[in-house]
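# Descriptive analysis of the structure
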Amino acid sequence: MSSGFTSDYRIKLLATGILAGFAVVGMQLVRLHVLERPARLAEINRARQEVVVEHARRGDILDAHGDTLATSRTKVALAIDPWALDELLAAEKKPERRERLRQSEQQKRARLAELLGLPVAELEKLYQPVTRDPRSSEIADPRNLVEGRIKVRFVKFNEGVEESLYARLTDGKLYPQLDPKTSQPTPAAGLVGSRYGVRTYPQGQLAAHVVGFINADAQPVTGIENFADFYLRGADGWRESEKDGRGRELAQFRTREMPAADGYTVVLSIDAAVQRMAEQELAQVADKFHPQKATIIVSDARTGFLLALANWPTFDLNHYNQVTPDGIARLNNLAVTDVYEPGSVFKIVAASGALEDRLVTPASTFDCTLPSIVFNGRIRNLPAEDKSDHFDHPLSVAEIIAHSSNKGAAQLGMLLGQQKFYDYARRFGFGERTAIGGPEKTGWLHRPEERDFDITRLPMGHSVDVTVLQMHQAMGVIASGGRLLRPQLIREVRDARGSAVYRYAPVVRGRAISESTARTMAQLLMGVAASGGTAPNAAIAGFEVAGKTGTTQKLIEHQYSTTHHVASFVGFFPASRPEVVISVIVDDGHPPGGGVAYGRLVAAPSFRHLAEQLIPYLDIKPVVAPGGSGLFALKAAF
Amino acid sequence: MDSARIPAISQRFRLAANPALVIVACALALLALGLTVLFSASAAFRQGTYFYLNKQVAGALLAAGLGWWASRTDLERWRAYVWWIGGVAAVLLIAVRVPGLGITVKGSHRWLGYGVARLQVSEFAKVVMVFCLAHILAVNQTRIRDWRHGFMPAMGIVGGFTALVVIEPDFGMAALFLAVGLVMLFLAGARWRHLLATVAIAVALLSLLLVFNPNRMQRLADFSGKELPYQLKQALAAYAAGGLDGVGLGEGRQQLAYLPEAHTDFIFAVVGEELGLGATLGVVSLFAAIFIAGLAHLRNAPNLFQFLLVAGALFFISMQALINLLVVTGSVPPKGMSLPFISAGLSNLLVMGLMVGLILNTRRTWSRPDFGGGRALLEVSPERPEADAP
């Protein structure tokens, strides 16, 4: 390779050097493309790939008529990226144009402040560029670095605005533009939004214990929110995709996609109107009697579906977190989480059992003055009657119920025998959860072989613990013609488009007593609300009201208290064709005039008041027997 | 290639295999690949999908025009104005430093012009330096081994251009000027000891510059450290992503805000990701082919001026390409240097057009058979040695 102008070796030397350089590049390329590929590829995938979760919308909770009790909305939390403005200006090379851009952006920010209803100065403050220290082992994009610190690109200033407002905030057409003709209208630089779902309860505290709530970690905690979470939550979707160096998703490189399935809507059997009546009633009870707690349950006598379940004290679902720590108990659904001694209302078990087994007729009489009785070869003391009661003649079974005789109930129980009595109590649903959903107590029903099984006290509802709902369910047995119906809250589950996915039918858990016994019991229970009964004030003209009062002394420090009582009235109407079952339980109420908080005084008026509202609302017709009187049926049965 | 052994009968083949034409073909191939990859690399930029492509296509057309002109112009006529040309270049190199005249980007003053039409003066200074240096070395051909009358005047030109580029500041480009200048001196027959002394002084000055520039020291430290600099890391990732056959045109991801300067200095990494090892080795081979063809072409140089002119152009192309390739493959510390024919950039593209044009210019006269028309004979300079004749 000689040209004559230069020594051959000089050209050869240079040629060797340059070609060696190219050879080095070639070897490097083989190393980079092939040999080091696996290691680097893992790193690349880590940086590029992302799984974008598409959150499913949580389903609504509706009442029986479609009123919304719980719903989900999307909100947009607002933030400012203070560096966006800086970078926008820096990208503009020409100083005079940059100045105009700066002024234009200033006008846009003023407009943004106006749209947000913020003072301009406050918004401007958010645009002060901020930096933070890099986290350990964080490798930052140099474009995100200022003097070794990392640009903070999300200065949050708003907890959340509605989607519609956010759409307005980001609509460039609402902003003054630098050159309106040439460029796309853009909103103020730096506004960033981050969407998130929020659960809201439009009715506030209505049916709070039934509906339940979602906590700050989006976990369903109580009520239907928790119980029906499987239906409500839906399934989050996801998509595998890639992101660019600034973390923006690259839609064109999506590989796999699974759309989100929105949650199902749960339709409750709760009727918001009935629920509201019950809650108002409780509020009045609370006002008048200052109880420790109180519960009202209303259900459909024919199906077991609950129309209302209200506890006092209660809370607002939207502000569940504002409940004070000492008042945390108000979050509990007392109707199932607390137990009480049901007292006289429990007498329906012994009476029904004795009638069902044909041991007695409504007219069979018992001496209700006996201090004790021989049972199974042992002398057993009978319970005392209430101080105000003196029964100078033997009482018929009808009278035992109507006057709520403790000695009479005990004798009915003994007539049945321990095992039989226990079996009937079980058939009425005691000693077993109602399975209404969520945390629930079983109560305490002693087995006959247990020492604590006291046949003299049990029939009158002592030494037994039940939940309000269990007692309500037991009364429902008589109202439904002897069937034990499962109390249910959910009527229907609908998919996101509104078509029914699952409908709940009434569930008969078993037959406790025959239909005729149930009818007889209903008639006996009408005597309670009749004159001479324990709660004539529960009667409603033209309607046959059946029910049973209960007044239990509270156990305070292992002693039955003479000043603290649980007053209850559990009943249904119309007695010969029952439509609704209502329970009113007031724990530790105090009548304004002083004295014992009898079920008659504290609970029965609420029952009646509620029933009177339900008659027009549910269009309950008075029962007119062929004879022209509602009482005909009762008389005919005797 | 020994043209003497090629039979006269295959005249057509001889023309087709002309080294200068190989250079043009390789350059056009690189340009075509460059435009394709540049579109892919810059389509997602916020300036717009076609912004860089349009600019580069316009630049390529201008470069072709310039190259065509340079291939036909009478070099001997321009030689008469050689010091005027050198002077204008020096003035313009100084002008970029004058506030209000020069355009400043990221602290460097390298551009003159207005709007999109801005030119990097130092790029054009490459051609000017090669032209001036080839002239003075040809003039001092017999005194080149003399330090004062042979070496120093030529070295003064190299040093002057290098210094003017250093103050922009553009150290990478200055190093390239110095390297090509020394290569030309070396080829012109300068003494080893003169060259080595110059290199020693240059290295000493360079070290001083390094020490007094914390920024540059940091870069060097970053490169030798355990964690690669961000940009280089992203570039190396691109080759890995590309593998043997690449992810496909337009499918590359590294240019999507991962790799800074994906369309200019680091465009080779995009080639690597989208087209794979075959394409990157292909690009290296094309540059190597240009270099080898250029050396073969040099054999036919009729005089020292033209020999050095072509050699200077050739080494500017080859060494710039080599430095860029070494940088973007992580073989040497990062240094801003664009890849000839491929990187986006108007000035570099125009200068590459000019340089290829100069190589073609010589082809017109050199490849003409000696028995051809009278013009060729007239253009042969009197100093032409007879050694080259068959």
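Residues numbered from 1 in each chain as written. Chains lettered and ligands numbered in written order. Predicted model: local features only at pLDDT ≥ 70, side-chain atom pairs only at ≥ 80, totals over all residues. Heavy atoms only, no water.

## A short note on the overall build of chain B
A tally of regular secondary structure across chain B gives 15 helices and 3 strands. The proportion of buried residues among the 390 residues of chain B is 53%. For chain B, the accessible area works out to roughly 17,000 Å², and carbon and sulfur atoms hold 67% of it. (Helix = DSSP H or I, 4+ residues; strand = E, 2+ residues; numbered from the N terminus. Buried < 20%, exposed > 50% of the residue type's maximum accessible area, 1.4 Å probe, protein only. Areas by Shrake-Rupley, 256 points an atom, 1.4 Å probe, with all protein chains shown as cover.)

## Description of the confidence of the model for chain A
Within chain A, residue pLDDT values average 88, and 95% of them lie at 70 or more. Contacts from residues 626-638 of chain A, a stretch scored under 50 in pLDDT, to residues over four places away or in other chains number 10 contacts. (pLDDT = per-residue confidence, 0-100. Contact = heavy atoms within 4.5 Å.)

## Focus on the packing of helix α5 (residues 82-95) of chain B against helix α7 (residues 147-166) of chain B
Residues and elements named next belong to chain B. Contact geometry for α5 and α7: axes closest at 10 Å, N-to-C directions at 25 degrees. With respect to α7, the element α5 is oriented roughly parallel. Considering how the two elements wind past one another, α5 and α7 form a crossing that is left-handed. For the pair α5 and α7, contact is made by Trp83, Gly86, Ala89, Ala90, Leu93 and Ile94 and by Ile157, Phe161 and Leu164, respectively. (Axes fitted to C-alpha atoms, helices over the stretch in contact; angles between N-to-C directions. Parallel < 35°, antiparallel > 145°, perpendicular 65-115°, else oblique. Left-handed = near helix turned anticlockwise from the far one by under 90°.)

## Thoughts on the nonpolar core
Residue and element names in this part refer to chain A. With 129 residues, the main nonpolar core has Leu268, Val298, Phe346, Met471, Ile478 and Ile582 as its most contacted residues. In this structure, this core is formed jointly by two domains, domain 1 (49-67 + 203-244) and domain 2 (272-318 + 331-617), each of which donates at least three residues. With residues near it in sequence (within four places) discarded, isoleucine 478 still touches Ile348, Ser352, Phe428, Ile513, Ala518, Met521, Ala522, Leu525 and Phe572. (Core = buried A, V, L, I, M, F, W, Y, C linked by side-chain atoms within 4.5 Å. Domains from an automatic or database assignment.)

## Thoughts on the interface of chain B and chain A
Across the contact, 58 residues belong to chain B and 45 residues belong to chain A. Note on chain B versus chain A: buried area summed over both sides is about 4,400 Å², and carbon and sulfur give 72% of it. Counting across the interface, chain B meets chain A through 3 salt bridges. For Glu43(A), the salt bridge is made with Lys233(B), and the minimal N-O distance between the two is 3.4 Å. At the boundary of chain B with chain A, the tally comes to 16 residue pairs in polar contact (both at pLDDT 80 or more). Contributions of two or more residues to the side of chain B that touches chain A are made by α8 (171-188), α11 (230-242), α12 (267-298) and α13 (304-328) of chain B. A total of 14 residues in the side of chain B that touches chain A trace back to one element, the largest contributor, which is α12(B). (Buried area = accessible area lost by both parts, 1.4 Å probe. Salt bridge = Lys/Arg side-chain N within 4 Å of Asp/Glu carboxyl O. Polar contact = N/O pair within 3.5 Å; in protein donor to acceptor, adjacent residues only side chain to side chain.)

## Considering the side chain of Thr265(A)
Position of Thr265(A) among the secondary structure elements: in strand β12 (residues 265-268). Each residue touching Thr265(A), except ones within four places of it in the same chain, is listed here: Asp60(A), Leu62(A), Glu492(A), Val493(A) and Arg494(A).

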